[in-house]
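# Topology and contacts: notes
Given next are the chains, with one letter for each unit.
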Amino acid sequence: MNNKPYLIAEIAQAHDGSLGILHSYIEAVAQTGVQAIKFQMHIAEAESSIHEPFRVKFSKEDATRYDYWKRMEFTLEQWKNIKKHCDDVGLDFICSPFSNLAVDWLEEVGVHTYKVGSGEVNNFLLLEKITQTGKPIIISSGMSSFAELDKTVDFLKSKKADFSILQCTTAYPTKPEQFGLNVISELKERYKVTIGFSDHSAKISTGIAAVVLGAEILEFHVVFNRSMFGPDAIASLTLEETKQLVEAVNEIHVAQNNPINKNSNEDFRELKSIFEKSLAINKNLPQGHILTFADLESKKPKGYGISAADFEKVIGRQLNTNMSQWDFLNEEDLA
């Protein structure tokens, strides 16, 4: 892993339909150190209907989920300004489309990378539309079995798409027994593409573990406060937690790219001379005394007596001089 893990802070619907709050998130995320910010582009008429049920009945102001998506919409011109704001603060603009029309809009906006949500992995109509753009694609595997993923991967490869896959569990928030960290290596082995982790645990430790286990992309929801309104707030990291995660992941990256050679300890030669010890006598002993284990002590530093590591070699040997308590024991003191 030569490149730093690619960290994506997802806003999704945390803006609750407010353009002002959305722009506030862009400013705040830019201060955390992540490389990318991710949105969802919802165009209610193109992607939904009044028959769509709520996944979680969280809204007190939207009669149907269609109404909720309608309230989450922004105009094409507003999206262009959102993209410009991301550019201005140095964040890659990533977005999940949920309709072919959204792909058309995102091409006009200038999206950096397409994210395909877990519910769209087998939507080959949408995938076809996205692959026609030639842009990079990140797909989440949250609702897909390997058999289903195989079909999607085959489709993307047939289109010569540039894609990566995120291990993801569609549960909000995800419990530890649902993380599926083992799947990271399984995805790497099976598909030979860049693999990452999409997290809904609201825990810093999950993302850290995923990176240690080989995730090269890390996506997670962010929110100003987990008590805020919305379906994803409880499964999000706060902005301060995001900063902590970025710092931890970058440190892990440095560690992974600086392996330690345990066959060599040259760097510790000076420290070893300070911390390691020499043999000494723990009581007054006369000339001619036969040394036993009970006579010996070890004292700092190394090099002032026989090495403490060689204590067995002096047991049973005779002193050729009188020695005082705590004297270092050297070869010349032995007969």
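Here we summarise the structure given alongside this text.

### Quick notes on the overall build of the chain
A count of helices and strands for the chain gives eleven helices and eleven strands. Relative to a compact globule of 335 residues, whose C-alpha radius of gyration would be 20 Å, the chain shows 31 Å and is clearly more extended. The principal-axis extents of the C-alpha atoms in the chain amount to approximately 100 × 40 × 35 Å. The buried share of the chain, reckoned over its 335 residues, is 46%. If you take every contact in the chain between residues at least 6 apart in sequence, the share linking residues at least 24 apart comes to 66%. Summed over its atoms, the accessible surface of the chain is roughly 16600 Å², and 51% of this surface lies on carbon and sulfur atoms. In the chain, the 35 positive side-chain charges and the 46 negative ones have mean positions that sit 2 Å from each other.

### Some words on a nonpolar patch on the surface
On the surface, a nonpolar cluster with roughly 410 Å² of combined accessible area is contributed by F268, L271, I274 and F275. Position of L271 relative to the elements: it lies in helix α11 (residues 269-275).

### Here we look at helix α1 (residues 19-30)
Residues separated by three or four positions in an α-helix point in the same direction, a consequence of the helix having 3.6 residues per turn. Along its twelve residues, α1 runs 17 Å from first to last C-alpha, staying within 8% of the 16 Å computed at 1.5 Å per residue. All buried positions along α1 are accounted for by L22, Y25, I26, A28 and V29.

### With respect to the side chain of S99
One can find S99 in the loop between β3 (92-97) and α5 (100-109). Judged by relative accessible area, S99 falls into the buried class, the value being 5%. Not counting residues within four places of it along the chain, the set of residues in contact with S99 comprises I43, A46, E47 and L126.

### Notes on the side chain of Q40
Here Q40 is to be found in strand β2 (residues 36-41). Overall, Q40 belongs to the buried group, its relative accessible area being 13%. At 3.1 Å, the side chain of Q40 forms a polar contact with the side chain of Q13. At 2.8 Å, the side chain of Q40 forms a polar contact with the side chain of H42. Excluding its chain neighbours within four sequence positions, the residues that come into contact with Q40 are E10, A12, Q13, W79, C95, S96 and F98.

### Things to note about the pattern of salt bridges
Working definition: two side chains of opposite charge can pair if their charged atoms are close together. All chains considered together, the criterion is met by 21 salt bridges. A salt bridge links E216 to K188; the shortest N-O distance between them is 3.0 Å. Separated by 28 residues along the polypeptide, E216 in the loop between α9 (204-212) and β8 (217-223) and K188 in helix α8 (residues 182-191) bring together distant segments of the chain. Since its relative accessible area comes to 29%, E216 is described here as partly exposed. Here K188 falls in the partly exposed class, since its relative accessible area comes to 27%. When salt bridges with common partners are traced through the structure, they connect E10, K38, K115 and E219 into a single cluster.

Parameters at a glance
In every chain, residue numbers begin from 1 and rise along the written sequence. In keeping with the predicted nature of the model, local features appear solely for residues at pLDDT of at least 70, side-chain atom pairs appear and are counted solely at 80 or more, and the whole-chain, interface and lining totals rest on all residues. Only hydrogens and water are removed before side-chain values are computed, so all heavy atoms of the structure are retained for them. By definition, any uninterrupted DSSP run of H or I lasting at least four residues is a helix, any uninterrupted run of E lasting at least two residues is a strand, and each is numbered from the N terminus. The globule rule used for comparison is 2.2 Å times the number of residues to the exponent 0.38, while the radius of gyration itself is calculated over C-alpha atoms. When accessible area is computed with a 1.4 Å probe and restricted to protein chains, residues below 20% of their type maximum are described as buried, those above 50% as exposed, and intermediate ones as partly exposed. Any two residues having at least one pair of non-hydrogen atoms within 4.5 Å are treated as being in contact. Note on areas: these come from Shrake-Rupley sampling with a 1.4 Å probe, and a residue is covered only by the protein chains present in the view. His is not counted here, nor are the chain ends, while Lys and Arg score as positive and Asp and Glu score as negative. Taken as the charge location is NZ of Lys, CZ of Arg, CG of Asp or CD of Glu. A residue counts toward a patch only above 30% relative accessible area and without a salt bridge, and it is joined to like-charged neighbours within 9 Å or, for Val, Leu, Ile, Met, Phe, Trp and Tyr, to nonpolar neighbours within 5 Å. Salt bridge, as used here: a side-chain nitrogen of Lys or Arg that lies within 4 Å of a carboxyl oxygen of Asp or Glu. A helix's residues, less one, multiplied by 1.5 Å, set its expected span. Here a polar contact is recorded for every N or O atom pair within 3.5 Å, except that within protein the pair must consist of a potential hydrogen donor and a potential acceptor, and residues adjacent in sequence are included only if both atoms are side-chain atoms.

These values are about where atoms sit, not about what they do.
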